[in-house]
Amino acid sequence: MARRNLLIAGSVLAVVVLYAVLVPWLAGVDDRVTDFAQARQAPSAEHLFGTDSAGRDLFVRIASGIRTSLVVALLCALLATVIGVVVGTAAGFWGGWPDRIIMRSTDAVNALPHLLLGIVIVAMFRGSLLAIVLSIALTHWTQVARIIRSEILSLRQRPFIDAAVLAGASRWQVAVRHLVPATAPQAMIAVVLLLPHAVWHESTLSFLGFGLPPHEPSLGTLLEEARSSLLLGGWWTLVFPAAVLVVVTLAVAFAGQALRKVITPPQPSELRL
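It should be emphasised that the depicted structure is a prediction, and the values quoted were computed from it without experimental measurement.

Calculation notes
- Residues numbered from 1 in each chain as written.
- Predicted model: local features only at pLDDT ≥ 70, side-chain atom pairs only at ≥ 80, totals over all residues.
- Heavy atoms only, no water.
- 1 Å grid on protein atoms, 1.4 Å probe; cavity = no way out; pocket = protein on both sides within 12 Å on 5 of 7 lines; lining within 4 Å.
- Points joined across faces, edges and corners; volume = space filled by probe spheres on them.
- Nonpolar A, V, L, I, M, F, W, Y, C, P; charged D, E, K, R; others polar.
- Helix = DSSP H or I, 4+ residues; strand = E, 2+ residues; numbered from the N terminus.
- Buried < 20%, exposed > 50% of the residue type's maximum accessible area, 1.4 Å probe, protein only.
- Contact = heavy atoms within 4.5 Å.
- Salt bridge = Lys/Arg side-chain N within 4 Å of Asp/Glu carboxyl O.
- Expected span 1.5 Å × (residues − 1).
- Arc of directions from axis to C-beta.
- Patch = residues over 30% accessible without salt bridge, like charges linked within 9 Å, V, L, I, M, F, W, Y side chains within 5 Å.
- Areas by Shrake-Rupley, 256 points an atom, 1.4 Å probe, with all protein chains shown as cover.
- Axes fitted to C-alpha atoms, helices over the stretch in contact; angles between N-to-C directions.
- Parallel < 35°, antiparallel > 145°, perpendicular 65-115°, else oblique.
- Left-handed = near helix turned anticlockwise from the far one by under 90°.

Some remarks on empty space enclosed by the protein
Per the counting criterion, the structure on display carries two cavities of 30 Å³ or more. Estimated volume of the largest cavity: approximately 50 Å³. Together, Asp52, Leu58, Leu222, Glu225, Ala226, Ser229 and Thr237 line the largest cavity. Tallied by class, residues from the lining of the largest cavity come to three nonpolar, two polar and two charged. There is about 30 Å³ of room inside the second largest cavity. As for the second largest cavity, its lining consists of His114, Gly118, Ser135, Ile136, Thr139, His201 and Leu205. When contributions to the lining of the second largest cavity are tallied by element, the ones reaching two or more residues are helix 4 (114-124), helix 5 (129-137) and helix 9 (184-207). Here the lining of the second largest cavity is built from residues that sort into two nonpolar, five polar and no charged.

In structure tokens form, the structure reads like this:
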């Protein structure tokens, strides 16, 4: 079942990625160029998703928006996972009072409102891609750190760790050569599971006007631009970007859940007698 779900979700995600990559290239037009003579045209054979208030083809512009949102989300997920792996490894490996200090600090970060903290970070560097990536990554590493810490605590009890210590390996060598590589499957799952959160946060920040500048298409900026057109009857400017956003996040979320079940062995309680 998990492998089938992974195949279905992966296939949907592959189609979305192909759409995001190929359509802007095949269209051969700059989706930032305006043509007010074509503004607010309903979906048709010429413009499958219609046009926006500036006359830009939404079918092409949404493809570019998916590409931007996925790239930003991937950068956020990778950075958040790296931070979580480093913090979780340090806490689980050292134990004792360093573990308590690190985990209480993690709880403090986790208690902060993620969206509000993200807005504060982005507002200081308006329109900066780096600020958007940092604002999302710095608020989403805490769960990864907890998972990695739990994994490290379990790995420390394994015989191969004792064998490495008896062979003369230092603490640093044990951590780098044995513990961190052993957490790679959990880290990979964390990256996939963080992607939908990152997509939604980027879209929310852009929708609120704190994300990418308006001329840079992303799913969030497209939804923000749709507000004015919606009042004038341009329902398609909201429906199609919103539908694509839902499809992308659901496909990534289902793929992450299925991947976790495939990679993580079943627990004894999950095995059928």
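What follows picks up the thread again.
Quick look at the environment of leucine 79
Positionally, leucine 79 belongs in helix 2 (residues 58-94). Given the relative accessible area of 30%, leucine 79 is considered partly exposed. Sequence spacing of leucine 79 and valine 133 is 54 residues, and the spatial spacing of their C-alpha atoms is 8.2 Å. Once residues lying within four places of it in the same chain are set aside, the contact partners of leucine 79 are Val133, Leu134 and Ala137.

Looking at the pattern of salt bridges
One pass over the structure, following the stated rule, counts eight salt bridges. Residue arginine 149 is joined to aspartate 99 by a salt bridge in which the shortest nitrogen-to-oxygen separation is 2.8 Å. Note that arginine 149 is positioned in helix 6 (residues 142-155) and aspartate 99 in helix 3 (residues 96-111), a separation of 50 residues in sequence. By relative accessible area, which is 23% here, arginine 149 ends up partly exposed.

Quick notes on helix 6
Relative to the 20 Å expected for 14 residues at 1.5 Å per residue, helix 6 spans 20 Å between its end C-alpha atoms, a close match to the ideal helical length. If you check which residues of helix 6 are buried, you get Thr142, Val144, Ala145, Ile148, Ile152 and Leu155. For helix 6, the angular spread of buried residues about the axis comes to 145 degrees, placing them on one side. Buried-residue contacts for helix 6 involve helix 2, helix 3, helix 7 (159-166), helix 8 (171-182) and helix 9.

Some words on unusual backbone geometry
Of note, the phi angle at arginine 40 is positive, near 55 degrees, even though the residue is not glycine. With respect to the helices, strands and loops of the structure, arginine 40 is situated in the loop between helix 1 (2-27) and helix 2.

Here we look at a nonpolar patch on the surface
Nonpolar side chains collect at one region of the surface, where Val17, Leu18, Val21, Leu22, Trp25 and Leu26 lie side by side and expose about 620 Å² of accessible area between them. Within the secondary structure layout, tryptophan 25 lies in helix 1.

Things to note about the packing of helix 1 against helix 2
Two elements in contact, helix 1 and helix 2, have axes whose closest approach is 8 Å; the angle formed by their N-to-C orientations is 130 degrees. One element, helix 1, and the other, helix 2, form an angle in the oblique class. At the point where helix 1 passes helix 2, the crossing takes the left-handed sense. Residue-level contacts link Val16, Val17, Tyr19, Ala20, Val21, Val23, Pro24 and Ala27 of helix 1 to Phe59, Val60, Ile62, Ala63, Ser64, Ile66, Arg67 and Leu70 of helix 2.

Considering the packing of helix 4 against helix 9
For any two helices packed against each other, the geometry is given by the interaxial angle and the distance between the axes. Helix 9 packs onto helix 4 with a crossing angle of 55 degrees between their chain directions and a minimal axis gap of 11 Å. With respect to each other, helix 4 and helix 9 are oriented oblique. Between helix 4 and helix 9 lies a crossing whose hand is right-handed. Where helix 4 abuts helix 9, its residues His114, Leu115, Gly118, Ile119 and Val122 lie against His201, Thr204 and Leu205.

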